[in-house]
Amino acid sequence: MTIELVAHDPSWNDQADLLIEDLRFLLGGAVTRLDHVGSTSIPDLKTKPKLHIDVVLRPGTSPEPLSTDLEEYGYANLGYLHRAKEIQLTRSRGCRFGPNGSGPGTTVMAHRLCICQSDCVAPVERRRFRDALRNDAALVREYENLKQDLVERFGLLPDWESYNRGKTNFIKAVVEDRWP
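So, here's what we can say about the structure.

Cut-offs applied
Residues numbered from 1 in each chain as written. Predicted model: local features only at pLDDT ≥ 70, side-chain atom pairs only at ≥ 80, totals over all residues. Heavy atoms only, no water. 1 Å grid on protein atoms, 1.4 Å probe; cavity = no way out; pocket = protein on both sides within 12 Å on 5 of 7 lines; lining within 4 Å. Points joined across faces, edges and corners; volume = space filled by probe spheres on them. Helix = DSSP H or I, 4+ residues; strand = E, 2+ residues; numbered from the N terminus. Nonpolar A, V, L, I, M, F, W, Y, C, P; charged D, E, K, R; others polar. Salt bridge = Lys/Arg side-chain N within 4 Å of Asp/Glu carboxyl O. Buried < 20%, exposed > 50% of the residue type's maximum accessible area, 1.4 Å probe, protein only.

With that settled, the discussion passes to the layout of surface pockets. Its boundaries defined by the atoms lining it, the largest pocket holds a volume of some 1500 Å³. For the largest pocket, the lining is made up of 47 residues, of which K48, H52, R112, N164 and K167 are closest to its centre. Secondary-structure elements contributing two or more residues to the lining of the largest pocket are β2 (51–57), β3 (76–83), β4 (86–91), β7 (111–116), α3 (122–134), α4 (137–154) and α5 (160–175). Among the elements that line the lining of the largest pocket, the one with the most residues is α5, at nine residues. Of the residues belonging to the lining of the largest pocket, the class tally is 19 nonpolar, 12 polar and 16 charged.

Below, the structure written as structure tokens:
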């Protein structure tokens, strides 16, 4: 499967809201924040059609048992993939699992969850990046151009590691407010 970017679909925000509703129901008091972050949360940005939701846990709550519980709902547990305080999980398009999991709108699109300990800085940085792009159309175009270039270079095979690494300096510069 190649890496492909598609035009932003406004229904992605609705999908994220449904997923957040399900996660809030399932995880309840263990969670302090649930945020739709990543490229699907940016209007007018071409991207991969896969949601990214950050799940920030209450202090003292461990992500391990929650990630194991989520495996029962079809999640692939990728473990501590990039950060010591964040477990990543992915799930293909599938049935909702919250209280409204039957009837119209009962499926949710493919997505990634990052279950983060309360002191993990990654969710804060992802919100900062998302908000910077939401507030600057020129920055959106620049990021989209970078992503398209990376798709052309690494998307055919695909080389996900190189594609993702190619975005790192741009994201870091925006988060640190160093972008021109």
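With the rule as written, the count across this model stands at 13 salt bridges. Residue E86 pairs with R126 through a salt bridge whose shortest N-O separation is 2.5 Å. Placement of the pair is E86 in strand β4 and R126 in helix α3, with a sequence separation of 40 residues. By the burial criterion, E86 is buried, and R126 matches it.

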